[in-house]
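# Understanding the architecture of this molecule
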Amino acid sequence: MAVLDLEMTKLPEHIKVPPDCRAGLALLRVRGRPCGQAVIRLDRPGEQILPMILAGADSAFWQAWLRDRLGLDPSRSDGPPDVSVSVAVCTRDRTEDLERCISALMRMPDDGQEILVIDNAPSNDATARLLRERPRIRYVREDRPGLNIARNRALREAGGEIVLFTDDDAAPDPLWLRRLARNFGDPLVLASTGLTMAIELSSAAQIDFQRYGGFVRGFKRTVYDAAEHNPLLAWHAGAGVNMALRRSVVQLVGPFDEAFDAGTQTHAGGDSEMFRRILGAGYRIVYDPEALNWHRHRKSAEELHRQLFGYEVASASLLTKAILTDGDIGALREALRWLRREVRAVLRSLLRRPNVPPFSVASARFKGGIIGPLLYLRSRRQSR
């Protein structure tokens, strides 16, 4: 599939797409602001693309289009942030990805932001050598392996009041920092997240991840709080590849739990576990889809299955912690709902029902959720 980035107020007459692409995923912008997406077919020579885009666009796009046509100025500013900001990239042995990420960060306006790269338990000095040529970036080596360990190190090292996190396999849009940082005017907001789109969809595994997982949380700004949103489902608010935290979050709700995420047996979930505690403590999270980030999904089926397995391990680990640490009976109900849903998904995939994930995807998720509690207990013992 082709990935298209289209400005709908200045749509070109001809949209260039690779000749071997049979379909496309189009990000739709109005005056530069991401406001919708559409899947279109590209295997029908001579068919106009614009009608297909408009037919596939959702209500968020049409709301943005109507506001623009009526001359209603957006209420949120794209100006420099009025607070000090640090950007943290946690990385490990992915120098090629990191170089693309750093290049994207360098295209952002210079608002005096600090940029940190946390090199997490590297096996060589490739990252250190890469950053010697980047004087604006501060290199920090953290020898204890684990993504949440690296995140906690970033919170300790950062000088900004707000700390933005992205991953080495992501490439933020130029206005990502300003749009993510603008959401902290409310003192109850401890975290902000943004929209993350696929940077490429060149393999079946990348397309399946976008379809059955992915990072898109919609195109409407949402404020999450415990009054209206279940903290156990805090992953709905966004993902760690595109998030910002007040540095004071450590004093208010605690640091990232180092038994979670990459580098541990729980595989993932450090962001969701932090979001759960933020909502549970009475604070808020803002999802702002105009804070755009691009992510390179894993290309192979093996990587996809491992990633989806890890997500379900992390989800089960989060519920296990909520039960054991907080005595949250609601977590047990969520676990039973998950079991019913995933058993049904496995059965439907075995029967090859339409519009369901393939069995390899469904079984990877099911296995991860079943073994998740055991892996969490092991990871918690190791982190202690």
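Residues numbered from 1 in each chain as written. Predicted model: local features only at pLDDT ≥ 70, side-chain atom pairs only at ≥ 80, totals over all residues. Heavy atoms only, no water.

## Topic: the packing of helix α10 (residues 301–326) against helix α12 (residues 359–383)
- Packing of α10 against α12 leaves a shortest axis separation of 6 Å and a crossing angle of 45°. Compared by their axis directions, α10 and α12 come out oblique. The handedness of the crossing between α10 and α12 comes out as right-handed.
- Along the lines of polarity and charge, the residues of the contact of α10 with α12 split into 13 nonpolar, eight polar and five charged. (Axes fitted to C-alpha atoms, helices over the stretch in contact; angles between N-to-C directions. Helix = DSSP H or I, 4+ residues; strand = E, 2+ residues; numbered from the N terminus. Parallel < 35°, antiparallel > 145°, perpendicular 65-115°, else oblique. Left-handed = near helix turned anticlockwise from the far one by under 90°. Nonpolar A, V, L, I, M, F, W, Y, C, P; charged D, E, K, R; others polar.)

## Topic: the sheet that holds strand β1 (residues 2–7)
- Taken together, the three strands give an open sheet; going across it, the order is β1-β2-β3, and neighbouring strands pair in mixed fashion. Looking along the sheet, the strands with just one partner apiece sit at the ends: β1 and β3 (33–41). Shown here is a sheet whose adjacent strand axes are inclined to one another by a mean of 25°, direction ignored.
- Bridge count for β1 against strand β2 (residues 23–30) is six bridges, and the pairing is parallel. The residue of β2 that forms the bridge with Val-3 is Leu-25.
- On top of the sheet, helix α1 (residues 49–56) reaches β1, β2 and β3; it is set at about 115° to β3, its chief contact. (Pairing = 2+ DSSP bridges. Contact = heavy atoms within 4.5 Å.)

## Some words on the confidence of the model for the chain
- For the chain, per-residue confidence averages 93 on the pLDDT scale, and 99% of positions sit at 70 or higher.
- At the low end of the mean pLDDT range in the chain sits α1, at 85; at the high end sits strand β11 (residues 242–246), at 98. (pLDDT = per-residue confidence, 0-100.)

## Side note on the pattern of salt bridges
- Under the defined criterion, the tally for this structure stands at 42 salt bridges.
- Close ionic contact of Arg-29 with Asp-173 constitutes a salt bridge, the shortest N to O distance being 2.9 Å. Here the residue Arg-29 occupies a position in strand β2, and Asp-173 occupies one in the loop between β8 (170–172) and α6 (176–181), the gap between them amounting to 144 residues. (Salt bridge = Lys/Arg side-chain N within 4 Å of Asp/Glu carboxyl O.)

## Overview of the nonpolar core
- By size, the foremost hydrophobic cluster in this structure holds 42 residues, and its most contacted members are Phe-165, Met-197, Val-249, Ile-278 and Ile-285.
- In contact with Ile-285, not counting residues within four places along its chain, are Ala-191, Thr-193, Thr-222, Val-223, Tyr-224, Ala-237, Phe-275, Ile-278 and Leu-279.
- Counting residues in hydrophobic clusters, the runner-up holds 24 residues, among them Val-89, Met-108, Ile-115 and Leu-130. (Core = buried A, V, L, I, M, F, W, Y, C linked by side-chain atoms within 4.5 Å. Buried < 20%, exposed > 50% of the residue type's maximum accessible area, 1.4 Å probe, protein only.)

## Some points on the pairing of strand β5 (residues 114–120)
- By the criterion of burial, β5 is predominantly enclosed, with six of the seven residues buried.
- As paired elements, strand β4 (residues 85–91) and β5 share six bridges and run parallel to each other. By the bridge assignment for β5, Val-89 is matched with Val-117.
- As a crossover connection, the stretch from β4 through helix α3 (residues 95–106) into β5 is right-handed.
- The pairing of β5 with strand β6 (residues 137–142) spans six bridges and is parallel. If you follow Asn-120 over to β6, its bridge partner there is Glu-142.
- The parallel pair β5 and β6 is bridged by helix α4 (residues 126–131), and the resulting crossover is right-handed. (Right-handed = clockwise from strand over helix to strand, strands pointing away.)

## Examining helix α5 (residues 147–157)
- For α5, the tally of buried residues reaches nine of 11 residues, placing the bulk of the element in the interior.
- When α5 is considered as a whole, its buried residues turn out to be Leu-147, Asn-148, Ile-149, Ala-150, Arg-151, Asn-152, Arg-153, Ala-154 and Leu-155.

## Comments concerning helix α7 (residues 204–212)
- Those residues of α7 that sit buried are Ala-205, Gln-206, Ile-207, Asp-208, Phe-209 and Gln-210.
- The secondary structure elements touched by the buried residues of α7 are β2, β9 (189–198) and α10.
- Just beyond α7, the residue with positive phi is Gly-214, at close to 70°.

## Examining the packing of aromatic side chains
- A complete count under the given rule lists seven aromatic pairs for this structure.
- Judged by centre distance (5.5 Å) and plane angle (65°), the rings of Phe-209 and Phe-215 are edge-to-face.
- Residue Phe-215 is classed as buried on the basis of its relative accessible area of 10%.
- Here the aromatic rings of Trp-338 and Phe-366 are separated by 6.0 Å at their centres, their planes lie at 10°, and the arrangement is stacked. Here Trp-338, found in helix α11 (residues 329–350), pairs with Phe-366, found in helix α12; they are 28 residues apart in sequence, far enough to count as distant.
- Residue classification places Trp-338 among the buried positions, given a relative accessible area of 10%.
- Here Phe-366 falls in the partly exposed class, since its relative accessible area comes to 25%.
- Against the face of Phe-256 rests Arg-151, its NZ or CZ located 5.4 Å from the ring centre. (Phe/Tyr/Trp six-rings, centres within 6.5 Å; stacked < 30°, edge-to-face > 60°. Lys NZ or Arg CZ within 6 Å of the ring centre and 35° of its normal.)

## What to know about the pairing of β9
- Taken across its 10 residues, β9 has 10 buried, putting it largely inside the fold.
- Of the pairings in the sheet, the one linking β9 to strand β12 (residues 284–295) comprises nine bridges and is parallel in character. Bridging across to β12, Val-189 finds its partner in Arg-284.

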